[in-house]
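Inside the fold
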Amino acid sequence: MPIPDVWLDTVTPKISIAINSMLPVLHKKGYSTIVTAKKQTQTTDMLNVLKVPYETIGEYGATLREKLAVEQKRVLEFLNLFDKTGYPKVLWTHGDVAAIRTAFGLKIPIVYANDTIFAYSVAKLVCPLVDYLVAPKCFGKSWSKFGISKSQIIHYDGLEELAYVGAEFEKPNWLKTLGKQKKPIILFRDAEYQAVYCKDVKINSEKLLHELAKIGTVVYLARYEEEKTKFENIPNVWVPPKPVLTAQLMPYIDLMVGSGGTACRETALCGIPTINFHFWDTQAQYLFKKGFPIQIIRNTNRIITTAKKLLTNQQKINTEKLLNKLESPIPVWIENIESCLQK
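The following refers to the structure shown. (Residues numbered from 1 in each chain as written. Predicted model: local features only at pLDDT ≥ 70, side-chain atom pairs only at ≥ 80, totals over all residues. Heavy atoms only, no water.)

1. A word on the pairing of strand 2 (residues 33-39)
Burial within strand 2 is extensive, with six of its seven residues counted as buried. Pairing between strand 1 (residues 6-10) and strand 2: five bridges, direction parallel. From the neighbouring strand, Thr10 faces strand 2, where its bridge partner is Ala37. In the sheet, strand 2 pairs with strand 3 (residues 55-59) via three bridges, with the strands oriented parallel. Following the sheet pairing, Thr36 is matched in strand 3 by Glu55. (Buried < 20%, exposed > 50% of the residue type's maximum accessible area, 1.4 Å probe, protein only. Helix = DSSP H or I, 4+ residues; strand = E, 2+ residues; numbered from the N terminus. Pairing = 2+ DSSP bridges.)

2. So, the packing of helix 1 (residues 13-28) against helix 13 (residues 330-341)
A pair of packed helices can be characterised by two numbers: the angle between their axes and the separation between those axes. One way to put it is that helix 1 packs onto helix 13 with a least axis distance of 11 Å and a crossing angle of 60 degrees. One finds that helix 1 runs oblique with respect to helix 13. In this structure, helix 1 meets helix 13 at a crossing whose hand is right-handed. Contact residues: Ala18, Ser21, Met22, Val25 and Leu26 in helix 1; Ile330, Trp333, Ile334 and Ile337 in helix 13. In terms of residue class, the contact of helix 1 with helix 13 is made up of eight nonpolar, one polar and no charged. (Axes fitted to C-alpha atoms, helices over the stretch in contact; angles between N-to-C directions. Parallel < 35°, antiparallel > 145°, perpendicular 65-115°, else oblique. Left-handed = near helix turned anticlockwise from the far one by under 90°. Contact = heavy atoms within 4.5 Å. Nonpolar A, V, L, I, M, F, W, Y, C, P; charged D, E, K, R; others polar.)

3. Quick look at a positive patch on the surface
Together, Lys137, Lys290, Lys321 and Lys325 make up a region of like positive charge exposed at the surface. Within the fold, Lys290 resides in helix 10 (residues 282-290). Owing to a relative accessible area of 34%, Lys290 belongs among the partly exposed residues under this scheme. (Patch = residues over 30% accessible without salt bridge, like charges linked within 9 Å, V, L, I, M, F, W, Y side chains within 5 Å. Areas by Shrake-Rupley, 256 points an atom, 1.4 Å probe, with all protein chains shown as cover. Salt bridge = Lys/Arg side-chain N within 4 Å of Asp/Glu carboxyl O. Lys, Arg positive; Asp, Glu negative; His and termini not counted. Charge placed at Lys NZ, Arg CZ, Asp CG, Glu CD.)

4. A look at the side chain of Thr102
Within the secondary structure, Thr102 sits in helix 4 (residues 97-105). Accessibility expressed as a relative area gives 3% for Thr102, which makes it buried. Residues contacting Thr102, with those up to four places away along its chain left out, are Trp7, Val75, Phe78 and Leu79.

Here's what the structure looks like:
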(Lines give C-alpha, C1' and ligand atoms only; values in the text may rest on other atoms or scores of the structure.)
Protein backbone atom coordinates (compact mmCIF):
# COMPACT_ATOMS: atom_id res chain seq x y z
CA MET A 1 0.00 0.00 0.00
CA PRO A 2 1.49 3.39 -0.99
CA ILE A 3 1.87 6.13 1.60
CA PRO A 4 -1.51 7.91 1.46
CA ASP A 5 -1.62 11.37 -0.08
CA VAL A 6 -5.04 12.15 1.38
CA TRP A 7 -6.42 11.00 4.72
CA LEU A 8 -10.21 11.24 4.97
CA ASP A 9 -11.78 10.81 8.40
CA THR A 10 -15.49 10.23 9.05
CA VAL A 11 -17.50 10.15 12.26
CA THR A 12 -21.04 10.43 10.81
CA PRO A 13 -23.10 8.60 8.17
CA LYS A 14 -23.44 11.76 6.04
CA ILE A 15 -19.70 12.26 5.82
CA SER A 16 -19.26 8.59 4.93
CA ILE A 17 -21.53 9.20 1.92
CA ALA A 18 -19.68 12.42 1.04
CA ILE A 19 -16.34 10.58 1.15
CA ASN A 20 -17.78 7.97 -1.20
CA SER A 21 -18.45 10.80 -3.68
CA MET A 22 -14.98 12.34 -3.23
CA LEU A 23 -12.89 9.20 -3.64
CA PRO A 24 -13.41 8.72 -7.41
CA VAL A 25 -12.43 12.35 -8.02
CA LEU A 26 -9.27 12.04 -5.93
CA HIS A 27 -8.32 8.71 -7.50
CA LYS A 28 -8.87 10.07 -11.02
CA LYS A 29 -6.39 12.82 -10.17
CA GLY A 30 -3.88 10.17 -9.14
CA TYR A 31 -3.95 10.62 -5.36
CA SER A 32 -3.70 7.67 -2.99
CA THR A 33 -6.13 7.73 -0.07
CA ILE A 34 -6.86 6.24 3.33
CA VAL A 35 -10.26 6.42 5.05
CA THR A 36 -10.64 6.19 8.82
CA ALA A 37 -13.95 5.94 10.66
CA LYS A 38 -15.31 5.91 14.18
CA LYS A 39 -17.27 2.80 15.03
CA GLN A 40 -20.93 3.53 15.90
CA THR A 41 -23.97 5.61 14.95
CA GLN A 42 -24.12 3.99 11.50
CA THR A 43 -20.89 5.61 10.32
CA THR A 44 -19.18 2.35 9.45
CA ASP A 45 -22.48 0.76 8.43
CA MET A 46 -22.76 3.39 5.70
CA LEU A 47 -19.21 2.73 4.48
CA ASN A 48 -20.03 -0.99 4.33
CA VAL A 49 -23.19 -0.34 2.30
CA LEU A 50 -21.16 1.82 -0.11
CA LYS A 51 -18.28 -0.71 -0.18
CA VAL A 52 -15.71 1.92 0.78
CA PRO A 53 -12.51 0.41 2.27
CA TYR A 54 -11.67 1.93 5.65
CA GLU A 55 -9.81 1.54 8.93
CA THR A 56 -11.92 1.54 12.11
CA ILE A 57 -10.31 3.93 14.56
CA GLY A 58 -11.97 4.75 17.88
CA GLU A 59 -15.54 4.82 19.10
CA TYR A 60 -18.01 7.11 20.87
CA GLY A 61 -18.28 7.73 24.60
CA ALA A 62 -21.57 8.24 26.43
CA THR A 63 -20.50 10.35 29.42
CA LEU A 64 -18.22 13.39 29.30
CA ARG A 65 -15.42 11.36 30.89
CA GLU A 66 -15.84 8.56 28.35
CA LYS A 67 -15.84 11.04 25.45
CA LEU A 68 -12.56 12.50 26.66
CA ALA A 69 -11.00 9.09 27.27
CA VAL A 70 -11.91 7.62 23.87
CA GLU A 71 -10.66 10.78 22.14
CA GLN A 72 -7.20 10.33 23.70
CA LYS A 73 -7.26 6.65 22.78
CA ARG A 74 -8.18 7.51 19.19
CA VAL A 75 -5.09 9.72 18.85
CA LEU A 76 -2.89 6.79 19.87
CA GLU A 77 -4.69 4.48 17.43
CA PHE A 78 -4.02 6.95 14.61
CA LEU A 79 -0.33 6.98 15.51
CA ASN A 80 -0.21 3.17 15.47
CA LEU A 81 -1.96 3.12 12.08
CA PHE A 82 0.41 5.64 10.50
CA ASP A 83 3.44 3.81 11.89
CA LYS A 84 2.33 1.06 9.46
CA THR A 85 1.12 3.11 6.47
CA GLY A 86 3.37 6.15 6.64
CA TYR A 87 2.18 9.69 7.40
CA PRO A 88 -0.51 11.07 5.07
CA LYS A 89 0.21 14.38 3.34
CA VAL A 90 -3.11 16.08 4.14
CA LEU A 91 -6.17 15.44 6.32
CA TRP A 92 -9.74 16.10 5.20
CA THR A 93 -12.24 15.80 8.03
CA HIS A 94 -15.56 17.07 9.28
CA GLY A 95 -14.22 18.17 12.61
CA ASP A 96 -13.30 15.16 14.71
CA VAL A 97 -11.10 16.53 17.49
CA ALA A 98 -8.81 13.50 17.73
CA ALA A 99 -8.11 13.41 13.99
CA ILE A 100 -7.33 17.14 13.84
CA ARG A 101 -5.13 17.04 16.95
CA THR A 102 -3.24 14.08 15.49
CA ALA A 103 -2.68 15.81 12.16
CA PHE A 104 -1.64 19.05 13.85
CA GLY A 105 0.82 17.20 16.08
CA LEU A 106 2.34 15.46 13.04
CA LYS A 107 2.41 18.74 11.03
CA ILE A 108 -0.03 17.33 8.48
CA PRO A 109 -2.05 20.16 6.81
CA ILE A 110 -5.79 20.08 7.58
CA VAL A 111 -8.87 20.82 5.48
CA TYR A 112 -11.80 21.13 7.86
CA ALA A 113 -15.25 20.80 6.27
CA ASN A 114 -18.01 21.98 8.56
CA ASP A 115 -21.71 22.82 8.49
CA THR A 116 -22.36 22.36 12.22
CA ILE A 117 -21.61 25.67 13.85
CA PHE A 118 -23.68 24.80 16.93
CA ALA A 119 -21.08 22.15 17.86
CA TYR A 120 -19.29 24.85 19.87
CA SER A 121 -17.04 22.55 21.89
CA VAL A 122 -15.50 21.04 18.77
CA ALA A 123 -15.12 24.41 17.03
CA LYS A 124 -13.30 25.92 20.02
CA LEU A 125 -10.83 23.06 20.09
CA VAL A 126 -10.03 22.69 16.39
CA CYS A 127 -10.52 25.98 14.53
CA PRO A 128 -7.14 27.42 15.56
CA LEU A 129 -5.39 24.25 14.32
CA VAL A 130 -6.66 23.93 10.74
CA ASP A 131 -5.33 25.34 7.46
CA TYR A 132 -8.69 25.82 5.74
CA LEU A 133 -12.27 25.65 6.91
CA VAL A 134 -14.70 25.00 4.02
CA ALA A 135 -18.30 25.92 4.81
CA PRO A 136 -21.59 26.87 3.14
CA LYS A 137 -21.80 30.52 2.14
CA CYS A 138 -24.96 30.99 4.18
CA PHE A 139 -22.89 30.87 7.41
CA GLY A 140 -20.75 33.86 6.46
CA LYS A 141 -17.57 34.18 8.54
CA SER A 142 -19.23 32.84 11.70
CA TRP A 143 -16.35 30.52 12.58
CA SER A 144 -13.85 33.38 12.91
CA LYS A 145 -14.99 33.85 16.51
CA PHE A 146 -13.45 30.45 17.30
CA GLY A 147 -9.89 31.50 16.50
CA ILE A 148 -9.48 31.00 12.77
CA SER A 149 -8.59 33.83 10.39
CA LYS A 150 -11.37 34.98 8.06
CA SER A 151 -8.98 34.48 5.14
CA GLN A 152 -8.85 30.76 5.96
CA ILE A 153 -12.65 30.34 5.73
CA ILE A 154 -13.61 29.20 2.24
CA HIS A 155 -17.22 29.36 1.02
CA TYR A 156 -19.42 27.69 -1.59
CA ASP A 157 -23.04 28.56 -2.41
CA GLY A 158 -24.71 25.31 -1.45
CA LEU A 159 -24.91 22.65 1.26
CA GLU A 160 -22.83 19.57 2.01
CA GLU A 161 -25.67 17.25 0.99
CA LEU A 162 -25.18 18.45 -2.59
CA ALA A 163 -22.04 16.29 -2.64
CA TYR A 164 -24.32 13.31 -3.25
CA VAL A 165 -27.98 14.36 -3.64
CA GLY A 166 -29.18 13.18 -7.03
CA ALA A 167 -26.56 10.44 -7.31
CA GLU A 168 -27.74 6.94 -8.19
CA PHE A 169 -27.50 4.30 -5.45
CA GLU A 170 -28.38 0.65 -5.97
CA LYS A 171 -31.50 -0.41 -4.03
CA PRO A 172 -31.26 -3.70 -2.08
CA ASN A 173 -33.98 -6.28 -2.79
CA TRP A 174 -35.30 -6.17 0.79
CA LEU A 175 -36.19 -2.50 0.34
CA LYS A 176 -38.92 -3.46 -2.15
CA THR A 177 -41.13 -4.42 0.79
CA LEU A 178 -41.51 -0.70 1.50
CA GLY A 179 -43.51 -0.32 -1.69
CA LYS A 180 -46.10 -2.70 -0.25
CA GLN A 181 -46.69 -0.66 2.90
CA LYS A 182 -49.85 1.32 3.61
CA LYS A 183 -49.84 4.72 1.89
CA PRO A 184 -48.98 7.51 2.44
CA ILE A 185 -45.41 6.87 3.58
CA ILE A 186 -43.80 9.25 6.08
CA LEU A 187 -40.09 9.25 6.83
CA PHE A 188 -39.26 9.99 10.48
CA ARG A 189 -35.84 10.90 11.91
CA ASP A 190 -35.48 11.70 15.60
CA ALA A 191 -33.05 14.17 17.16
CA GLU A 192 -29.45 13.10 17.78
CA TYR A 193 -30.11 13.17 21.51
CA GLN A 194 -26.80 11.55 22.53
CA ALA A 195 -24.79 14.38 20.96
CA VAL A 196 -23.43 17.10 23.26
CA TYR A 197 -24.95 19.88 21.14
CA CYS A 198 -28.45 18.36 21.03
CA LYS A 199 -30.63 19.75 23.79
CA ASP A 200 -33.94 21.49 24.46
CA VAL A 201 -35.97 19.30 22.09
CA LYS A 202 -39.54 20.47 22.78
CA ILE A 203 -41.33 17.63 20.97
CA ASN A 204 -42.22 14.31 22.60
CA SER A 205 -40.96 12.34 19.63
CA GLU A 206 -42.45 9.02 20.78
CA LYS A 207 -45.93 10.56 21.01
CA LEU A 208 -45.44 12.21 17.62
CA LEU A 209 -44.40 8.88 16.12
CA HIS A 210 -47.60 7.20 17.35
CA GLU A 211 -49.74 10.05 15.95
CA LEU A 212 -48.05 9.94 12.55
CA ALA A 213 -48.59 6.17 12.40
CA LYS A 214 -52.35 6.82 12.46
CA ILE A 215 -52.26 8.60 9.11
CA GLY A 216 -49.85 6.41 7.16
CA THR A 217 -46.83 4.13 7.32
CA VAL A 218 -43.94 5.69 9.20
CA VAL A 219 -40.46 4.67 8.12
CA TYR A 220 -38.40 5.10 11.29
CA LEU A 221 -34.83 5.90 10.33
CA ALA A 222 -33.04 4.96 13.55
CA ARG A 223 -29.91 6.72 14.79
CA TYR A 224 -29.06 4.28 17.59
CA GLU A 225 -29.29 0.50 17.91
CA GLU A 226 -31.71 0.56 20.85
CA GLU A 227 -34.31 2.43 18.78
CA LYS A 228 -34.73 -0.45 16.35
CA THR A 229 -36.29 -2.83 18.88
CA LYS A 230 -38.12 -0.07 20.78
CA PHE A 231 -40.30 1.05 17.87
CA GLU A 232 -40.47 -1.81 15.36
CA ASN A 233 -43.62 -3.36 16.89
CA ILE A 234 -45.74 -0.19 16.75
CA PRO A 235 -48.55 -0.65 14.17
CA ASN A 236 -47.77 1.10 10.87
CA VAL A 237 -44.15 1.78 11.86
CA TRP A 238 -41.55 0.18 9.60
CA VAL A 239 -37.94 0.08 10.80
CA PRO A 240 -35.48 -0.82 8.00
CA PRO A 241 -33.88 -4.14 8.97
CA LYS A 242 -30.50 -3.07 7.57
CA PRO A 243 -28.63 0.23 7.12
CA VAL A 244 -30.12 2.27 4.29
CA LEU A 245 -29.36 5.56 2.56
CA THR A 246 -32.00 8.27 2.62
CA ALA A 247 -31.46 8.47 -1.15
CA GLN A 248 -32.58 4.84 -1.50
CA LEU A 249 -35.84 5.68 0.29
CA MET A 250 -36.70 8.79 -1.76
CA PRO A 251 -38.88 7.11 -4.42
CA TYR A 252 -41.24 5.80 -1.73
CA ILE A 253 -41.51 8.81 0.62
CA ASP A 254 -44.44 11.26 0.54
CA LEU A 255 -43.53 13.37 3.59
CA MET A 256 -40.55 13.89 5.89
CA VAL A 257 -40.83 14.71 9.61
CA GLY A 258 -37.54 15.06 11.46
CA SER A 259 -35.37 16.99 13.86
CA GLY A 260 -34.04 19.19 11.08
CA GLY A 261 -30.64 17.71 10.31
CA THR A 262 -29.15 15.96 7.30
CA ALA A 263 -32.13 13.77 6.38
CA CYS A 264 -34.47 16.79 6.35
CA ARG A 265 -32.14 18.68 4.06
CA GLU A 266 -31.85 15.67 1.76
CA THR A 267 -35.61 15.29 1.38
CA ALA A 268 -36.21 19.02 0.91
CA LEU A 269 -33.52 19.18 -1.78
CA CYS A 270 -35.33 16.33 -3.56
CA GLY A 271 -38.68 18.12 -3.42
CA ILE A 272 -40.34 16.08 -0.69
CA PRO A 273 -42.46 18.18 1.75
CA THR A 274 -40.40 18.39 4.94
CA ILE A 275 -41.33 19.36 8.51
CA ASN A 276 -38.56 20.16 11.03
CA PHE A 277 -39.52 19.86 14.69
CA HIS A 278 -36.25 20.94 16.32
CA PHE A 279 -33.52 22.73 14.36
CA TRP A 280 -34.40 25.77 12.27
CA ASP A 281 -30.82 26.65 11.62
CA THR A 282 -29.05 28.68 8.98
CA GLN A 283 -29.19 25.82 6.48
CA ALA A 284 -32.91 25.16 6.88
CA GLN A 285 -33.62 28.88 6.47
CA TYR A 286 -31.33 28.93 3.42
CA LEU A 287 -33.34 26.10 1.79
CA PHE A 288 -36.65 27.78 2.65
CA LYS A 289 -35.54 31.08 1.09
CA LYS A 290 -34.34 29.23 -2.02
CA GLY A 291 -37.83 27.77 -2.51
CA PHE A 292 -37.38 24.21 -1.25
CA PRO A 293 -40.37 22.62 0.59
CA ILE A 294 -39.22 22.83 4.21
CA GLN A 295 -40.77 24.41 7.32
CA ILE A 296 -40.42 24.43 11.12
CA ILE A 297 -43.21 23.32 13.50
CA ARG A 298 -42.52 22.57 17.17
CA ASN A 299 -46.02 21.50 18.29
CA THR A 300 -47.22 17.91 17.90
CA ASN A 301 -50.86 18.76 17.10
CA ARG A 302 -49.83 21.33 14.50
CA ILE A 303 -47.41 18.85 12.92
CA ILE A 304 -50.20 16.29 12.52
CA THR A 305 -52.64 18.87 11.12
CA THR A 306 -50.04 20.18 8.67
CA ALA A 307 -48.97 16.66 7.70
CA LYS A 308 -52.55 15.75 6.77
CA LYS A 309 -52.88 18.88 4.63
CA LEU A 310 -49.57 18.30 2.88
CA LEU A 311 -50.40 14.68 2.14
CA THR A 312 -53.78 15.72 0.74
CA ASN A 313 -52.84 18.82 -1.25
CA GLN A 314 -49.11 18.96 -1.96
CA GLN A 315 -47.19 16.54 -4.13
CA LYS A 316 -43.44 16.31 -4.45
CA ILE A 317 -42.06 19.27 -6.38
CA ASN A 318 -39.49 19.20 -9.18
CA THR A 319 -36.39 20.88 -7.75
CA GLU A 320 -34.10 20.44 -10.76
CA LYS A 321 -33.99 24.17 -11.62
CA LEU A 322 -33.45 25.10 -7.97
CA LEU A 323 -30.60 22.59 -7.64
CA ASN A 324 -28.89 23.92 -10.76
CA LYS A 325 -28.45 27.26 -9.00
CA LEU A 326 -26.55 25.71 -6.09
CA GLU A 327 -22.94 24.61 -5.77
CA SER A 328 -21.59 21.20 -4.78
CA PRO A 329 -18.84 21.32 -2.14
CA ILE A 330 -16.73 18.61 -3.79
CA PRO A 331 -14.75 20.87 -6.17
CA VAL A 332 -14.05 23.29 -3.31
CA TRP A 333 -12.98 20.49 -0.97
CA ILE A 334 -10.66 19.06 -3.64
CA GLU A 335 -9.21 22.48 -4.49
CA ASN A 336 -8.24 23.08 -0.87
CA ILE A 337 -6.87 19.56 -0.45
CA GLU A 338 -4.64 20.21 -3.47
CA SER A 339 -3.60 23.57 -2.05
CA CYS A 340 -2.39 21.77 1.09
CA LEU A 341 -0.58 19.14 -0.97
CA GLN A 342 1.36 21.88 -2.74
CA LYS A 343 2.62 23.43 0.50
